[in-house]
Amino acid sequence: MAAETPFSHQTRAAALSSMAAEPVDLLVIGGGITGAGIARDAALRGFRVALVEKGDFGSGTSSHSSRLIHGGIRYLEHRDFRLVFEASRERRVLLRIAPHLVRPLPFLFPVYRGARVPAWKLRAGMWLYDALAAFRNVKTHRWLSPKQVRRAEPALKDRGLTGAALYWDAQTDDARLVLATMRSAARAGALVANYAEVTSLLKPDGRVRGAVVRDVLSGETRTVRALIVVNAGGPWVDALRRMDDPAAPPLLRPTKGAHVAVPRRRIGNERAITLFSAIDGRVMFVLPWGELSYIGTTDTDADASPDAVRVTADDVTYLLRSANAAFPDAHLAANDVVSVWVGLRPLLGQDPAAAPSQVSREHRVVESAQGLITIAGGKLTTYRVMARDVADRVAARLHELDGRPTAPRPPTDRLPLPGGEAAELDVLVEGARARGVPEATARHLVASYGSETPAILNLVDRDRALGNPIVPGRPEIWAQVAHAVEREMALRIQDVLVRRLHLFYEYAEQATALVTPVAQRMKKLLGWDEVREAEELVDYFRLVERARMFRTELKI
Ligand SMILES: Cc1cc2nc3c(=O)[nH]c(=O)nc-3n(C[C@H](O)[C@H](O)[C@H](O)COP(=O)(O)OP(=O)(O)OC[C@H]3O[C@@H](n4cnc5c(N)ncnc54)[C@H](O)[C@@H]3O)c2cc1C
């Protein structure tokens, strides 16, 4: 059964051996959403594809986003209509091919007297937003009177309120979207490996013809030969370009974006809120996520390398003050922060005079004189289009190289991602309920695994203990840990707690209380010795420490 296809440490070992044994048509460097999309598209065209990722899949920018699949209401201000049109179309596609992971979300955008953008302008913008989605957004927007706004969002600031737009976008689980895309690529035949880092490029005759790949977990090094190499390194693309040409000028102007998550009841928002920060007038969001709300994002020029970026006290202060101004009774303080995350936007560097939030979100495919293809810029929302553009370029180059016919573009806009096969999520929830699963767990499983939910429940049938909650009172169950290891290529504690289950962000103290029991399970499943287990624990606590450094700065 396709739903139970293994995607484990063994799949990874076989992929690494195979890509070293025989040359591939295409080697993709980087396993974020862009690389995953390229591997999927290219493998579906019938190319022999390998993808290597130096960390876990999605561990770069792609799991540190605002989790929105959106047209991008704020790009209207910059008259980036083409981008909004494209992103709106992609929102529709992703709602269709991954309905469990990309979910419609209503937004309220309140307007106040004297605001930077007056009500008439916002109203016009809303019509334009719907028009650029060809009036095929989840629903068209509505305009609410102040009274209706008060009823809908009683905790919002009331003074000077003149109304609000109620409009629709979508929210996703970014880390799981990468994983689903990566598994789809692997199903189409791509050889993919996490914790496999490119340390140098092979240039036997001056052309880029592969890479040296280091297994980050074992230290073993392999050579992967490839007809074409694509650099999908997100904020690392310039570092990878310098492996090809030490004098390569930077393509990017990365900007840093931080988020903080707090208990939703502390803010009191019912739905997603779009607002202008009272501090600097930037567009920001307060977004619901179960019992939490997350506030984001900052947009500042990057002050650290992508490997060293972290949330600072200044980031937290800015976000909390902006939210407090919009929700006067919230009185959020740093102590309320449950978790934080930060990423660097791999944005194209164009106008050095532009403010960080005005840097374009467009993407560009660049080819070096030595043949390295780099994709830079873009958004989570538009990854499929970016991937298609790169795969088109790869197809053309392969045709030039060996005369092979150019395969037609695969229908990546119609092929569901794993778990996206059944559109009726409520039916899946009912199916899980019928197997004795409590309502909250059934909903949680369907939101994570969609039509693959029965595969998780089959594990419980084989071992009833796997049906037990990981934390009493929370919906996650132990079967998800086994599933993460056996079918989602989780190799490390952080892969499970941060990106597969998100307990790092959602459970108290970055889920440190769960580290030991999770390590014990993983030890059995992956055959770790004591040393490896200890290393895993140390690394997890290092991650926790980094995420909590802002607390030390604020002396809390
Ligand atoms: C704060 C923030 C909020 C955002 N919010 C949204 C949003 O709501 N909606 C939206 O559409 N977009 C959003 N974006 C943009 C979006 O997240 C990014 O455009 C997208 O995730 C970039 O994906 P990527 O695959 O190009 O880069 P990444 O996800 O960073 O992937 C690149 C990968 O390359 C790997 N790599 C680097 N060097 C090597 C090497 N030598 N060998 C092997 N692997 C290597 C890295 O480990 C990394 O995983 C946001 C971005 C940020 C920072």
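1. Topic: the overall build of the chain
Broken down by element type, the chain carries 19 helices and 18 strands. Computed over its C-alpha atoms, the radius of gyration of the chain comes to 23 Å, within 12% of the 24 Å expected for a compact globule of 556 residues. For the C-alpha atoms alone, the extent of the chain along its principal axes is close to 70 × 55 × 50 Å. Looking at the chain as a whole, 59% of its 556 residues are labelled buried. Contacts in the chain between residues far apart in sequence, at least 24 positions, make up 73% of those at least 6 positions apart. Here the chain contributes 76 positive and 64 negative side-chain charges, whose respective centroids are spaced 5 Å apart.

2. A closer look at the nonpolar core
Core analysis: the biggest nonpolar cluster contains 102 residues, and Ile 295, Val 316, Leu 320, Ile 493, Met 522 and Tyr 540 have the highest contact counts within it. Look past the residues within four positions of Met 522 in its chain and what remains in contact with it is Val 481, Val 485, Ala 490, Leu 491, Arg 492, Ile 493, Val 496, Gly 527 and Trp 528.

3. A look at the pattern of salt bridges
Going through the model one piece at a time under the given rule, you end up with 51 salt bridges. Across the pair Glu 506 and Arg 474 runs a salt bridge whose closest N-O atoms are separated by 3.3 Å. Note that Glu 506 is positioned in helix H16 (residues 503-506) and Arg 474 in the loop between helix H13 (453-462) and helix H14 (479-487), a separation of 32 residues in sequence. Between Glu 533 and Lys 523 there is a salt bridge; the shortest N-O distance is 3.1 Å. With Glu 533 in helix H18 (residues 530-547) and Lys 523 in helix H17 (residues 515-526), the pair connects residues that are ten residues apart, well separated along the chain.

4. Some points on the site of the ligand
Lining the immediate surroundings of the ligand are 38 residues, of which Thr 34, Glu 53, Ser 62, Leu 68 and Thr 381 lie closest. Note that a nitrogen atom of the ligand is positioned 2.7 Å from one of the backbone N or O atoms of Leu 68. The contact in question runs from an oxygen atom of the ligand to an N or O atom on the side chain of Thr 381, over 2.7 Å. In isolation the ligand exposes 1000 Å². Once the protein is present, 96% of that is buried. Only helix H2 (33-44), strand S8 (196-201), strand S11 (255-263) and strand S16 (339-345) provide two or more residues apiece to the shell around the ligand. Counted by class, the shell around the ligand contains 13 nonpolar, 19 polar and six charged residues.

5. Here's the deal with the layout of surface pockets
The computed volume of the second largest pocket comes to approximately 870 Å³. Lining the second largest pocket are 28 residues, and of these Trp 289, Gly 290, Glu 291, His 444 and Glu 506 sit closest to its centre. At the level of elements, strand S4 (102-112), helix H8 (264-267), strand S13 (283-289) and helix H12 (439-449) are the ones that each hand at least two residues to the lining of the second largest pocket. In terms of residue count, the dominant contributor to the lining of the second largest pocket is H12 (four residues). A per-class count over the lining of the second largest pocket returns ten nonpolar, seven polar and eleven charged.

6. Re empty space enclosed by the protein
Taken as a whole and assessed by the stated rule, the structure comprises five cavities of 30 Å³ or more. Within this model, the largest cavity holds a volume of roughly 70 Å³. Secondary-structure elements contributing two or more residues to the lining of the largest cavity are helix H6 (174-187) and H12. A per-element tally of the lining of the largest cavity places H6 first, with four residues. Class assignment for the residues of the lining of the largest cavity results in five nonpolar, three polar and four charged. The volume enclosed by the second largest cavity comes to roughly 50 Å³. For the second largest cavity, the full set of lining residues is Ser 63, Arg 67, Asp 173, Asp 174, Ala 175, Trp 289, Val 498, Arg 499, His 502 and Tyr 505. Mapped by element, the contributors of at least two residues to the lining of the second largest cavity are H6 and helix H15 (493-500). Here the residues of the lining of the second largest cavity are counted per class, giving four nonpolar, two polar and four charged.

Rules used throughout
- Each chain carries its own residue numbering, running from 1 in the written order of its sequence.
- In keeping with the predicted nature of the model, local features appear solely for residues at pLDDT of at least 70, side-chain atom pairs appear and are counted solely at 80 or more, and the whole-chain, interface and lining totals rest on all residues.
- Hydrogen atoms and water are omitted, and side-chain values are computed over all heavy atoms in the structure.
- The secondary structure listing takes helices from DSSP runs of H or I that are at least 4 residues long and strands from runs of E that are at least 2 residues long, numbered from the N terminus.
- As a reference, a globule follows 2.2 Å times the number of residues to the power 0.38, and the radius of gyration itself is taken over C-alpha atoms.
- Buried means the residue's accessible area, taken with a 1.4 Å probe over protein chains only, is under 20% of the maximum for its type, while exposed means over 50%, and partly exposed covers the values in between.
- Residues count as neighbours in contact if any of their non-hydrogen atoms are within 4.5 Å of one another.
- This count recognises Lys and Arg as positive and Asp and Glu as negative, with His and chain-terminal groups excluded.
- For this purpose, a charge sits on NZ of Lys, CZ of Arg, CG of Asp or CD of Glu.
- Buried Ala, Val, Leu, Ile, Met, Phe, Trp, Tyr and Cys residues that are joined via side-chain atoms within 4.5 Å together make up what is termed a nonpolar core.
- Salt bridge, as used here, is a side-chain nitrogen of Lys or Arg placed within 4 Å of a carboxyl oxygen of Asp or Glu.
- Near residues are defined by distance, with any heavy atom within 4 Å of the molecule or strand qualifying the residue.
- Two N or O atoms count as a polar contact when they lie within 3.5 Å, although within protein this holds only if one can serve as hydrogen donor and the other as acceptor, and sequence-adjacent residues are included solely when both atoms are side-chain atoms.
- Accessible areas in this description were obtained via Shrake-Rupley with a 1.4 Å probe; residue shielding takes into account the shown protein chains only.
- In this classification, the charged set is Asp, Glu, Lys and Arg, the nonpolar set is Ala, Val, Leu, Ile, Met, Phe, Trp, Tyr, Cys and Pro, and all remaining amino acids, among them Gly, are polar.
- Residues are called lining when one of their atoms sits within 4 Å of a cavity or pocket point, these points coming from a 1 Å grid over the protein atoms alone, where a cavity is a set in which a 1.4 Å probe fits but cannot get out and a pocket is an open set with protein on both sides within 12 Å along at least five of seven lines.
- Grid points are joined across faces, edges and corners, and a volume is the space filled by probe spheres set on the points.

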